[in-house]
4 protein chains.
Amino acid sequence: MIVILRDDPNEKQLENLINWLRSMDLKIHESRGENHRILGLVGDTSRVDIDLISALDIVREVKRIQEPYKKANRKFHPLDTVVSTGGAAFGGGHFAVVAGPGAVESGEQMSLAARIALDAGADILYGGTFMPRTSPYSFQGLREEGMDILVKAGKEAGLPVASEITDLHELGCFDDVDVIQVGARNMQNYELLRELGRLNKPVILKRGLSSTLQEWLMSAEYILDGGNENVILCERGIRTFEPSAYASMDISSIPILRALTHLPVIADPCGAAGRSAPVPAMAAAAAAAGADGLALTVSPDPQHARAEGPQSLTGSEMKKTVAAVRRVREALREETRDE
Amino acid sequence: MIVILRDDPNEKQLENLINWLRSMDLKIHESRGENHRILGLVGDTSRVDIDLISALDIVREVKRIQEPYKKANRKFHPLDTVVSTGGAAFGGGHFAVVAGPGAVESGEQMSLAARIALDAGADILYGGTFMPRTSPYSFQGLREEGMDILVKAGKEAGLPVASEITDLHELGCFDDVDVIQVGARNMQNYELLRELGRLNKPVILKRGLSSTLQEWLMSAEYILDGGNENVILCERGIRTFEPSAYASMDISSIPILRALTHLPVIADPCGAAGRSAPVPAMAAAAAAAGADGLALTVSPDPQHARAEGPQSLTGSEMKKTVAAVRRVREALREETRDE
Amino acid sequence: MIVILRDDPNEKQLENLINWLRSMDLKIHESRGENHRILGLVGDTSRVDIDLISALDIVREVKRIQEPYKKANRKFHPLDTVVSTGGAAFGGGHFAVVAGPGAVESGEQMSLAARIALDAGADILYGGTFMPRTSPYSFQGLREEGMDILVKAGKEAGLPVASEITDLHELGCFDDVDVIQVGARNMQNYELLRELGRLNKPVILKRGLSSTLQEWLMSAEYILDGGNENVILCERGIRTFEPSAYASMDISSIPILRALTHLPVIADPCGAAGRSAPVPAMAAAAAAAGADGLALTVSPDPQHARAEGPQSLTGSEMKKTVAAVRRVREALREETRDE
Amino acid sequence: MIVILRDDPNEKQLENLINWLRSMDLKIHESRGENHRILGLVGDTSRVDIDLISALDIVREVKRIQEPYKKANRKFHPLDTVVSTGGAAFGGGHFAVVAGPGAVESGEQMSLAARIALDAGADILYGGTFMPRTSPYSFQGLREEGMDILVKAGKEAGLPVASEITDLHELGCFDDVDVIQVGARNMQNYELLRELGRLNKPVILKRGLSSTLQEWLMSAEYILDGGNENVILCERGIRTFEPSAYASMDISSIPILRALTHLPVIADPCGAAGRSAPVPAMAAAAAAAGADGLALTVSPDPQHARAEGPQSLTGSEMKKTVAAVRRVREALREETRDE
């Protein structure tokens, strides 16, 4: 961490700052020029609150060199983390597909959805139960009842199941769920993240619509810091000015995260686009960019789905998409083999 | 609501759609040209899920004419809502200031903060207790203990108090709090909003960093729909590419919301800027744009505040800011008087 | 085009509007409900200025159904446009790579760059001559002199050459240049676009940092409308809040443009990322998403390049990247073959 | 400028870097810790290209302390620049209003517009002549002919005139124009800026839709560096995700620019909003935030304006707006007086 001081800092205040920093076991190196004076801090700065120092009159700017996340940081954990459940695994060369309908609607619908998803290449069955909806007048999900249906459908199909949690108090309903998803709107629901850190279950942490990579990794850090290392990051697009898609999938986040963190990164092209047409191309792109998996919305009948119909693939669309994705991955593996 | 059909829609599917819409008590008017066919829907469309229709093969696009929010809509509620607590009131010509430190730190600090805020023109005392922090390693707030300190400081100063809730389960700690704040990160925490809708207490609903005005009003609708009409909207900036401020205060949101909704709208220039220097100018601008109040971060000692120090005004800065704001409001009131 | 009227429109004004629309050879269909009145306009609406109608008191909103671009529209030109020069072709299944250094620096540097680019799989040699630089104090390019060097290097290597134009008056220097590039900052320099429309040379039109797909296509329309059909669209990222890359490559723009327009679309991962590390992954992603080509910055010595060094690939990095891209394309072609 | 080195930098490369920096008359101070090594550069770094250093393998990051603009920098020019023409002046406590129609349409229209603008409080008459239009099918302006009409209307009304230039080659038509406007789309048209730097005329430089404050000031630097010190910055909104306005007026840019630069800053609420309803509130807000002037679109007949009708104020709307703005300024001047 580097502290850039203002011109002519009050020496008394500077002494106080230096003493306080030393009390946190940091070593201080000073660099002094005609126009600037800089303190270089050496030691574990992840627990130093950058705002506390920035607020001082004598400080012009504080700049981190070390990232503020530690447990999610590849620097301190160079090997890829592999997150697995049932037969599915993400990261370290493993690739898996989570797929299912936006909403669990009925037993029949989920049975059918599970068969379609399995046939199309899903490794984990998703179903929306507790659903965060922009409008209070939209269908809010079958909730507890939906969870029972989902779990049953997963068992029938022999697939682990995943669903989204929207509030801490729902946690009791997730006992039989294999993977807990935290949606974009809850990426910074720290009370929830802290609690998920106490579990030992995989958590898919979707990127918030306006979250930087660093904020996202800090949210992952909440879960990791609690002791749960099974975090899967899911890129689902960021909000931009472009109206042709619900959100703009940030494709460079995949290779950039690969360098910053050891956690697996998957992509959710359906959620990003908000409609199905561009999804096959986006799914192939995510795989080519190095994603460790995909989250796909698939429905036996997208036209009559009670939620997320426009972004849902049909079974046959998903099947083609997953097949193409696997060929892309194979093509890029060859690359490594050849070298 | 207008449904724009694709060219040559399947007549069977179209009949199904029309029958379904009629079953929701909507009247349908068809417009047909060479290149387009359009259904105009007449009736209460706020309960129609736009996605359900958009997903149909025969539909090209669906366009709302009526806004999807009803209880927050000025059209159905032309008079300004006035939200009041203690002596403070927002809306309908009333203007109030909520101010206090980002974090409650101790009894002494809050006593001092309350005196400073009161002297500088605060109508409601704010103190952060349950604090949503980007880093798990930052100070997380004094929580329950902080709430007692805040309530006590408010009583001493004779001011109503406000604090932020970050999760449903904290609600029990807010019994003696006069105004509950929902922060930007929780603007779409619908479980929480629904619960706040069951109370009869003023709720300050901050705008999410990447929320459109419509999404924000839909979140207000959750609270209003539960029966709580005491919602105060708080503009605290949107996330943009510009790095010179934490968020870009969206000044035109104030007059635009004024037309769309009857709810009071206040602004949080400290939270938007993330540092105090531009705050006096931004506060005056918000008042000039028609805001019904301000939320300000004020601290007896910004340089040593445990949170939000860089964005905190000192007491004397706040006092000047509030005085200028009141003069701006006076100047604009003259305008009305003169006409 | 649909004109949504305000409640109780002034009948005289409405009559005026209808007469004016009819005078432009448009047929009008009216749809009338309790709460809305809509005019559906049938005919060629691409020449109707949406703002002219929106400004009327009696009009609530105007919504285009037909896109405002005509010559770039796939609807009126269903087959892919193939743009070719020398042996390189873009679109209609053809894929080509434009590569070279950000700045032409000297004869030796360009000779070397040309050999490296050719060896790594470039089809067209790029070199920056007239350079738009954010700072007046940065190297501004060798201009005319650089153009001669570029053309010579292209001849030696047997490659067509491309360079960026930054102002109309430079056009005379582009006689021996095979492909003219319009940079992001000039995407809406309409005087320049109009002039390029009079040529018969391929134009690479980069997307502006904050341009929507529709604005970008409207800029292409300027060139097409002048009679030059050789337009290649180049996605080079949009400006967002995310600081980890210079711009966020908007991957879904590729499949979405594919549906909207017949023009070839290429991607510029180096320009988007602003640094080389994520480029190989982004290039593979662009190809997987269906891009018709790539623009790559390559340098014999990125560390000492006078411009765009951080985003430059070395020759060997480019070679691996292009090889991987070709394998991805092959893998996705298989898909089609299998079905 | 601070150069943060990577761990264990190659000593040979480091020596080369240090020698090169010294050759630019910079002094180097090294700070060395366990985990970092930093070079602090002292001297005039505005001519150092940050990219050149960033591209080096041994460099982790480069951070400017001194801003890259020099002539626009308040640090080196502490007093406010006052830009004046005719009786109008901007900056240093002076406030002026530029107003007129989006397009010059005819002699009668401009005569009328000039009278209305003058009556409503305009200090400079604006008229669009060379018009950058998103669509090639929209009205493109009367160009040379429009310029004559504008100049004549200005003379009649006794007002200096302003118009927008869209390309270098139009410069000859601006001889009788008092203020040259560079629109948002041309903010980074450096060839144009350089040429305007050779004049001695006031230039209104609008902010590009996706330009940071620093990029904007760098564009001003092009003009200043050429010797023309009469630059007026005009905030006209930035592109964000919010659809309720054409662009989001970035209100905090006004106080932040005030600190960074000595140049006057005005605001264009009509251009930002894209429609007139929120303009009076936004204009008052800009004045309250400290703007040195306003650019307003005013039309004798907004409903039938050939361009920018929706954003145009009527004469009486403008009159009320300007009166309110002047009262706000008066109210804030009192503040200073009282202290």
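The shown structure was predicted, so the numbers you read here are calculated from the model rather than taken from an experiment.

**Overview of the overall build of chain A**
Working step 1: When helices and strands are tallied, chain A shows ten helices and 14 strands.
Working step 2: Taken along its principal axes, the extent of the C-alpha atoms in chain A is 75 × 50 × 40 Å.
Working step 3: Looking at chain A as a whole, 66% of its 339 residues are labelled buried.
Working step 4: By sequence separation, contacts in chain A at least 24 residues apart represent 66% of the contacts at least 6 residues apart.
Working step 5: Carbon and sulfur atoms provide 47% of the accessible area of chain A, an area that totals close to 11,800 Å².
Working step 6: If the 37 positive side-chain charges of chain A are averaged to one point and the 47 negative ones to another, these points end up 1 Å apart.

**Things to note about the interface of chain C and chain D**
Working step 1: Between chain C and chain D, the contact holds 51 residues from the first and 52 residues from the second.
Working step 2: With both sides pooled, the region where chain C packs onto chain D buries about 4,200 Å², and carbon together with sulfur makes up 47% of that total.
Working step 3: It is Y137(C), E191(C) and Q303(C) that lose the most area in chain C upon contact with chain D, and together they represent 19% of the buried surface on that side.
Working step 4: In this structure, D49(C) engages R133(D) in a salt bridge whose closest nitrogen and oxygen atoms are separated by 3.4 Å.
Working step 5: Here chain C and chain D share 25 residue pairs in polar contact (both at pLDDT 80 or more) between them.
Working step 6: Listing elements by their share of the side of chain C that touches chain D, those giving two or more residues are α2 (50–54), α5 (190–196) and α6 (213–225) of chain C.
Working step 7: Element by element, the count of residues in the side of chain C that touches chain D is highest for α6(C), at five residues.
Working step 8: Class assignment for the residues of the side of chain C that touches chain D results in 16 nonpolar, 17 polar and 18 charged.

**Details of the relation of the copies chain A and chain B**
Working step 1: Each copy of the sequence occupies a distinct position, and chain A is placed on chain B by a rotation of 180° and an axial shift of 0.0 Å, giving an RMSD of 0.0 Å. On the angle and the small slide along the axis, the relation comes out as a two-fold axis. The C-alpha atom lying nearest the rotation axis in chain A is that of S210(A); the distance is 2.9 Å.
Working step 2: A share of 100% of interface residues in chain A that are also interface residues in chain B marks the association as one of identical surfaces.

**Examining helix α7 (residues 253–260) of chain C**
Working step 1: Of the residues making up α7(C), those classed as buried are S253(C), I254(C), P255(C), I256(C) and L257(C).
Working step 2: Buried-residue contacts for α7(C) involve α9 (279–288) of chain A together with α6, β12 (231–235), β13 (265–267) and α9 (279–288) of chain C.

**Looking at the relation of the copies chain C and chain D**
Working step 1: Screw-axis analysis of chain C against chain D gives a translation of 0.0 Å along the axis, an RMSD of 0.0 Å, and a rotation angle of 180°.
Working step 2: Of all interface residues in chain C, 100% are interface residues in chain D too; the two copies therefore contact each other through one and the same surface.

**Digging into the packing of helix α6 (residues 213–225) of chain B against helix α7 (residues 253–260) of chain B**
All names here are of chain B.
Working step 1: Close contact between α6 and α7 brings their axes to 12 Å; oriented N to C, the two are set at 50°. Classified by the angle between their axes, α6 and α7 sit oblique to one another. Once α6 is placed against α7, the crossing between them reads as right-handed. Contact residues: L213, W216 and L217 in α6; S253, I256, L257 and L260 in α7.
Working step 2: When the residues that make up the contact of α6 with α7 are grouped by side-chain class, the tally is six nonpolar, one polar and no charged.

**Considering the pattern of salt bridges**
Working step 1: By the definition in use, this model includes 79 salt bridges over all chains.
Working step 2: Of the charged contacts in the structure, one is a salt bridge between K63(B) and E61(C), with a shortest N-O distance of 2.9 Å. Of this pair, K63(B) sits in strand β4 (residues 59–63) while E61(C) sits in strand β4 (residues 59–63), placing the two residues on different chains.
Working step 3: A salt bridge links E330(D) to R333(D); the shortest N-O distance between them is 2.9 Å. Of this pair, E330(D) and R333(D) both sit in helix α10 (residues 315–338), three residues apart, which is roughly one turn of the helix.
Working step 4: Take R333(D): its relative accessible area is 42%, and that puts it in the partly exposed class.

**Some thoughts on the interface of chain A and chain B**
Working step 1: Each partner contributes residues to the interface: chain A has 52 residues there, and chain B has 52 residues.
Working step 2: Carbon and sulfur atoms supply 47% of the area buried between chain A and chain B, which totals about 4,200 Å² over both sides.
Working step 3: Interface area lost by chain A to chain B is led by Y137(A), E191(A) and Q303(A), which between them contribute 19%.
Working step 4: Our count for the chain A to chain B interface comes out at six salt bridges.
Working step 5: Where chain A packs against chain B, one counts 25 residue pairs in polar contact (both at pLDDT 80 or more).
Working step 6: The set of elements that each furnish at least two residues to the side of chain A that touches chain B consists of α2 (50–54), α5 (190–196) and α6 (213–225) of chain A.
Working step 7: A per-element tally of the side of chain A that touches chain B places α6(A) first, with five residues.
Working step 8: Its residues assigned to classes, the side of chain A that touches chain B comprises 16 nonpolar, 18 polar and 18 charged.

**Describing the domain arrangement of chain A**
Working step 1: Here chain A is described as being made up of domain 1 (2–63) and domain 2 (83–338).
Working step 2: The C-alpha-based centres of domain 1 of chain A and domain 2 of chain A are spaced at 43 Å.

**Regarding the sheet that holds strand β1 (residues 2–5) of chain D**
All names here are of chain D.
Working step 1: With antiparallel pairing, the four strands of this open sheet are ordered in space as β2-β3-β1-β4. One side of each edge strand has no neighbouring strand; the edge strands of this open sheet are β2 (27–32) and β4 (59–63). Put simply, the sheet's adjacent strands are angled 20° from each other on average, direction ignored.
Working step 2: Alignment of β2 against strand β3 (residues 37–42), held across six bridges, turns out to be antiparallel. By the bridge assignment, K27 is partnered in β3 with V42.

**Regarding the sheet that holds strand β4 (residues 59–63) of chain A**
All names here are of chain A.
Working step 1: Pairing within the open sheet is antiparallel, and its four strands lie in the order β2-β3-β1-β4. Strands with a single pairing partner mark the edges of an open sheet, and in this sheet they are β2 (27–32) and β4. Across the sheet, the mean angle separating the axes of adjacent strands is 20° when strand polarity is ignored.
Working step 2: In this sheet, β4 lies alongside strand β1 (residues 2–5) in antiparallel orientation, the contact comprising four bridges. Bridging from a neighbouring strand, I2 pairs with K63 of β4.
Working step 3: Running at roughly 10° to strand β3 (residues 37–42), helix α1 (residues 11–23) makes contact with β1, β2, β3 and β4 of the sheet.

How each quantity is defined
- Residues numbered from 1 in each chain as written.
- Chains lettered and ligands numbered in written order.
- Predicted model: local features only at pLDDT ≥ 70, side-chain atom pairs only at ≥ 80, totals over all residues.
- Heavy atoms only, no water.
- Helix = DSSP H or I, 4+ residues; strand = E, 2+ residues; numbered from the N terminus.
- Buried < 20%, exposed > 50% of the residue type's maximum accessible area, 1.4 Å probe, protein only.
- Contact = heavy atoms within 4.5 Å.
- Areas by Shrake-Rupley, 256 points an atom, 1.4 Å probe, with all protein chains shown as cover.
- Lys, Arg positive; Asp, Glu negative; His and termini not counted.
- Charge placed at Lys NZ, Arg CZ, Asp CG, Glu CD.
- Buried area = accessible area lost by both parts, 1.4 Å probe.
- Salt bridge = Lys/Arg side-chain N within 4 Å of Asp/Glu carboxyl O.
- Polar contact = N/O pair within 3.5 Å; in protein donor to acceptor, adjacent residues only side chain to side chain.
- Nonpolar A, V, L, I, M, F, W, Y, C, P; charged D, E, K, R; others polar.
- Least-squares fit on C-alpha atoms with pLDDT ≥ 70 in both.
- Axes fitted to C-alpha atoms, helices over the stretch in contact; angles between N-to-C directions.
- Parallel < 35°, antiparallel > 145°, perpendicular 65-115°, else oblique.
- Left-handed = near helix turned anticlockwise from the far one by under 90°.
- Domains from an automatic or database assignment.
- Pairing = 2+ DSSP bridges.

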